Amino acid sequence: MDSSDFLAVRFEEHRPHLKAVAYRMLGSLAEADDAIQEAWLRLARSDDREIDNLGGWLTTVVGRVCLDMLRARRRRGEESLEERLPDPVVSREGQGDPEQQALMADSVGLALLVVLESLTPAERLAFVLHDMFGLPFEEIAPIVDRTPATAKKLASRARQRVRGASPPPDPDPAGQRRVVDAFLTAARGGDFDGLLALLDPDVVLRADGGVLAGGLRVLRGAEAVAGQAATFQRMATAATTSPALVNGVAGLVNTIDGKPFSVMSFTVAGGRIAAIDILADPERLARLDLGSAAD
């Protein structure tokens, strides 16, 4: 094995961690892969003998690449994740490869990713690298061209906006699944009262059908969401439904004639559904690696 092959092997050891960082920064699996590829190209052009801590060096590089991508996204006025759902990470319950497990460590749900999109790029980087991955502000500061004290303030501002905006899911997977199963039963029956009993009073429903369907639709409040009982009934009776983990929480993969129709994620907090995120964009569903989750 020559030095370039050895370097590639070492890089692959860090890939799951780098993918987790990039996904939290960008909310897009494809863009996260692009950021990792750019990090590899920069590593290949560098003298690795001068890198004492390869993992730290790569994390810093990926953070800087993602920061540039977020800033470019804003300059171009691109569709933001406040106008579309982030890419979900889907696996069969009890399974998942190491990369998926790294992506979903700390249960970074779709609802949290939507909140992160409301931050400035610098706030998001400071919060993700410090609060989620424990990077010290002394290492974050050069990435955002700030002092460590200012980087700390960026993370603090981000933390205040994140806190309370997305309730943490109940830690019991079996309990989550029982609530989702009850939701599915009520949906199949078009049971308004049954749905209402399962929903948190402040529940948020986000449904993204893609550009052709009008983009992201948001409903707030238990009565408004339960008022979609007829729509839930049509979906539940027309599709074949498989339980899945979606961003680490209980979810559903719905298919019609073997083709993905929608992916649903449920944030269950305090025994009730606090958020429902539905991706039904055919173009984006076709790009997802649903694997055995849709079986």
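Residues numbered from 1 in each chain as written. Predicted model: local features only at pLDDT ≥ 70, side-chain atom pairs only at ≥ 80, totals over all residues. Heavy atoms only, no water.

Draft legend 1. View of the overall build of the chain. Along the chain, the regular secondary structure elements total 13 helices and seven strands. Taken over C-alpha atoms, the radius of gyration comes to 20 Å for the chain, in line with the 19 Å a tight globule of 295 residues would show. Oriented by its inertia axes, the alpha-carbon framework of the chain measures out at about 65 × 45 × 35 Å. Expressed as a percentage of its 295 residues, the buried residues of the chain come to 49%. (Helix = DSSP H or I, 4+ residues; strand = E, 2+ residues; numbered from the N terminus. Rg over C-alpha atoms; globule rule 2.2 N^0.38 Å. Buried < 20%, exposed > 50% of the residue type's maximum accessible area, 1.4 Å probe, protein only.)

Draft legend 2. Representation of the nonpolar core. Formed by 61 residues in total, the largest nonpolar core has its most connected members in L116, L125 and I140. Listing elements by their share of this core, those giving two or more residues are α1 (3–26), α2 (29–44), α3 (54–75), α5 (110–117), α6 (121–132), α7 (137–140), α8 (148–162) and β4 (240–246). Non-local contacts of I140, meaning those with residues more than four positions away in its chain, are made with L125, A126, L129, H130, L135 and A151. Ranked by size, the runner-up nonpolar core spans 27 residues in total, among them V180, A186, L195 and M235. (Core = buried A, V, L, I, M, F, W, Y, C linked by side-chain atoms within 4.5 Å. Contact = heavy atoms within 4.5 Å.)

Draft legend 3. Spatial organisation of α5. Counting buried positions along α5 gives eight out of eight residues, so the element sits mostly inside the fold. Buried within α5 are the following residues: L110, A111, L112, L113, V114, V115, L116 and E117.

Draft legend 4. Highlighting the pairing of strand β6 (residues 259–269). With eight of its eleven residues buried, β6 lies for the most part within the structure. Pairing of strand β5 (residues 249–256) with β6 involves six bridges; the strand directions are antiparallel. In the strand pairing of β6, L252 is matched with M264. Between β5 and β6, which pair antiparallel one after the other, the connecting turn spans two residues, and D257 there sits at a positive phi close to 55°. Two successive antiparallel strands, β6 and strand β7 (residues 272–279), enclose a turn made up of two residues, where G270 displays a positive phi of approximately 65°. (Pairing = 2+ DSSP bridges.)

Draft legend 5. Structural detail: the sheet that holds β7. The sheet built from seven strands is open, its strands ordered β1-β4-β5-β6-β7-β2-β3 with mixed pairing. Two strands in the sheet have a free side with no partner beyond their single neighbour: β1 (90–91) and β3 (216–220). Of the strand pairs in this sheet, strand β2 (residues 199–208) and β7 are connected by six bridges, and their pairing is parallel. By the bridge assignment, D208 is partnered in β7 with L279. Across the sheet, helix α9 (residues 173–188) lies against β4, β5, β6 and β7, angled at about 35° from β5, the strand it touches most. (Axes fitted to C-alpha atoms, helices over the stretch in contact; angles between N-to-C directions.)

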